Amino acid sequence: MLKIDYESDDFPPGTVANGSATLSVNWDELLWAAITIGRPNLHYVFMHGEASYYETIFRLSLMRMSLQQERPSGGRLLMTEAFKNMDPSEKGAINYFLGMVFCKLFSAKLLDTPWLLHLDVFRDDLEPELLSGHSRPDLVGHQCGTDEWHSFESKGRIKSPSEQTKRDAKSQADRLISVGGKNCSLHVASFSYFRKSAIAYYWRDPITANDQPIKLPAARNRWRHYYAPVLSLYFAAREKPDEEGYPAFHYMEDADVSVAIHPKIERMLREQNWEQAREIATLLRSELLESGYQPDGVAIRAGESWYRPFK
């Protein structure tokens with residue numbers, strides 16, 4: 001197992017226990033989080049053609065190039081030498097991505113909120129100044145089995161964030177007050193960062209006031225941004241004929257990753273019924289988890305190369 005030290009601050013009772021702790025995860029969960037961040041393409045090169053497929057490979061490449069496990073049995077997630085040798089602008093871009101990945105991972109595992117979308121998928125409904133500004137949260141998430149939505153400002157840093165940086169991030173998260181008429185319950189500022197070359201995580205949810213609220217419409221078919229990357233990988237990969245049992249994985253040799261999608265979810269995705277796919281996954285949540293899928297009906301399996309040092 002992989003270990004990530006984290007700290008939680010100012011969360012209300014019944015949500016996340018405040019204080020320091022360690023989260024146990026595996027590569028399958030990490031890669032699932034990376035692939036299913038519900039946002040438009042991260043890189044302008046992939047605006048046309050098979051955008052979702054190249055976007056998925058791009059995300060997996062960022063993960064492989066930046067992180068490696070401490071030892072063969074697991075341990076901490078360490079910064080690779082390749083990442084250490086990048087220039088500051090390259091590190092900044094990758095850290096931005098890692099901030100979203102670990103926000104997704106922690107919200108799924110500790111807040112039961114795997115359904116995250118980036119605010120950019122609502123760009124047609126946002127005021128122009130919000131599209132280019134930095135005074136807004138990054139992500140909004142729907143909690144399983146509830147009507148609750150949460151707002152997240154996710155950041156990635158090389159070093160531990162300062163108190164001022166934490167306050168600034170919290171004020172960004174506070175601006176989002178509702179999605180589809182449902183008020184946001186939590187407004188979380190989150191940070192992934194490196195401590196002695198190992199990934200660590202910090203998040204907080206203090207109560208503050210905001211006089212510049214953002215209201216979003218219902219997500220509806222914007223869930224295509226959530227499912228499209230993993231669906232494209234699934235279509236591009238080949239089915240493993242030697243696999244027996246359930247789920248049935250498709251293998252992508254170039255990325256050394258296998259992906260499975262529950263048949264009922266896959267049927268909806270093939271028909272581009274994105275919102276229905278999410279609704280069915282919500283109804284089948286217990287069945288999905290018992291069958292080895294994540295709550296969204298997707299399963300990712302990391303190949304052996306992910307457990308070796310990056311060279």
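Structural data are supplied above this passage.
This one's a predicted model, so the numbers in the text were calculated from it and none came from an experiment.

K.L.:
When you look at the nonpolar core in this model, what are you seeing that I'm missing?
P.N.:
One broad trend across soluble globular proteins is that nonpolar side chains are buried collectively. Met 63, Phe 102 and Tyr 227 are the most contacted members of the largest nonpolar core, which totals 86 residues. Looking at this core element by element, the count peaks at 10 residues for helix 4 (residues 88–110). The residues touching Phe 102, leaving out its near neighbours within four places in the chain, are Ile 4, Leu 30, Leu 67, Leu 77, Ser 192, Ile 199 and Tyr 201. Core analysis: the second largest hydrophobic core is formed by 5 residues, Ala 189, Phe 191, Tyr 193 and Ala 200 among them.

K.L.:
Explanation requested: the pattern of salt bridges in the structure shown.
P.N.:
It is possible for side chains bearing opposite charge to pair when their charged atoms get close. Inspection of the entire model under this criterion finds 11 salt bridges. The salt bridge partner of Asp 10 is Arg 204, with a shortest N-O separation of 3.5 Å. With Asp 10 in the loop between strand 1 (2–9) and strand 2 (19–25) and Arg 204 in strand 10 (residues 198–204), the pair connects residues that are 194 residues apart, well separated along the chain. One salt bridge in this structure joins Arg 285 and Asp 112, with 2.5 Å as the shortest N-O distance. Highlighted residues: Arg 285 in helix 10 (residues 285–290) and Asp 112 in the loop between helix 4 and strand 5 (115–118), separated in sequence by 173 residues. By relative accessible area, which is 25% here, Asp 112 ends up partly exposed. Three or more residues are tied together by salt bridges with common partners; here these are Asp 5, Arg 76 and Arg 195.

K.L.:
Where do I start with helix 4 in this structure?
P.N.:
Two residues of an α-helix separated by three or four positions point the same way, owing to the 3.6 residues in each turn. In a regular helix each residue adds 1.5 Å, so 23 residues correspond to 33 Å; helix 4 covers 32 Å between its end C-alpha atoms and thus fits that length. Phi turns positive one or two residues past the end of helix 4, at Asp 112, with a value near 55 degrees.

K.L.:
Whenever I open this one, the packing of aromatic side chains confuses me. Can you help?
P.N.:
How two aromatic rings sit relative to each other is given by the distance of their centres and the angle of their planes. For the coordinates displayed, the defined rule picks out 16 aromatic pairs. Taking 6.2 Å as the distance between ring centres and 65 degrees as the angle between the ring planes, the aromatic pair formed by Trp 115 and Tyr 227 counts as edge-to-face. Note that Trp 115 is positioned in strand 5 and Tyr 227 in helix 7 (residues 224–236), a separation of 112 residues in sequence. Take Trp 115 and Tyr 227: they sit in the same class, and that class is buried. One aromatic cluster is present, formed by Tyr 6, Phe 11, Phe 106, Tyr 201 and Trp 203 through successive ring pairs. Across from the ring centre of Phe 249, 4.1 Å away, lies the NZ or CZ of Arg 301, which sits over that ring.

K.L.:
Looking at this model, I keep getting lost on the layout of surface pockets. Mind explaining?
P.N.:
Its boundaries defined by the atoms lining it, the second largest pocket holds a volume of some 290 Å³. Along the walls of the second largest pocket sit 15 residues, with His 142, Trp 149, Trp 223, Glu 275 and Arg 278 positioned nearest its centre. Grouping the amino acids of the lining of the second largest pocket by side-chain chemistry returns 5 nonpolar, 4 polar and 6 charged.

K.L.:
Even after reading the chapter, I still don't get the environment of Ala 200, so can you show me in this structure?
P.N.:
Looking at where Ala 200 falls in the secondary structure, it is placed in strand 10. The spacing of Ala 200 and Thr 22 is 178 residues in sequence and 9.2 Å in space, taken between C-alpha atoms.

What counts, and where the lines are drawn
- Residues numbered from 1 in each chain as written.
- Predicted model: local features only at pLDDT ≥ 70, side-chain atom pairs only at ≥ 80, totals over all residues.
- Heavy atoms only, no water.
- Core = buried A, V, L, I, M, F, W, Y, C linked by side-chain atoms within 4.5 Å.
- Buried < 20%, exposed > 50% of the residue type's maximum accessible area, 1.4 Å probe, protein only.
- Helix = DSSP H or I, 4+ residues; strand = E, 2+ residues; numbered from the N terminus.
- Contact = heavy atoms within 4.5 Å.
- Salt bridge = Lys/Arg side-chain N within 4 Å of Asp/Glu carboxyl O.
- Expected span 1.5 Å × (residues − 1).
- Phe/Tyr/Trp six-rings, centres within 6.5 Å; stacked < 30°, edge-to-face > 60°.
- Lys NZ or Arg CZ within 6 Å of the ring centre and 35° of its normal.
- 1 Å grid on protein atoms, 1.4 Å probe; cavity = no way out; pocket = protein on both sides within 12 Å on 5 of 7 lines; lining within 4 Å.
- Points joined across faces, edges and corners; volume = space filled by probe spheres on them.
- Nonpolar A, V, L, I, M, F, W, Y, C, P; charged D, E, K, R; others polar.

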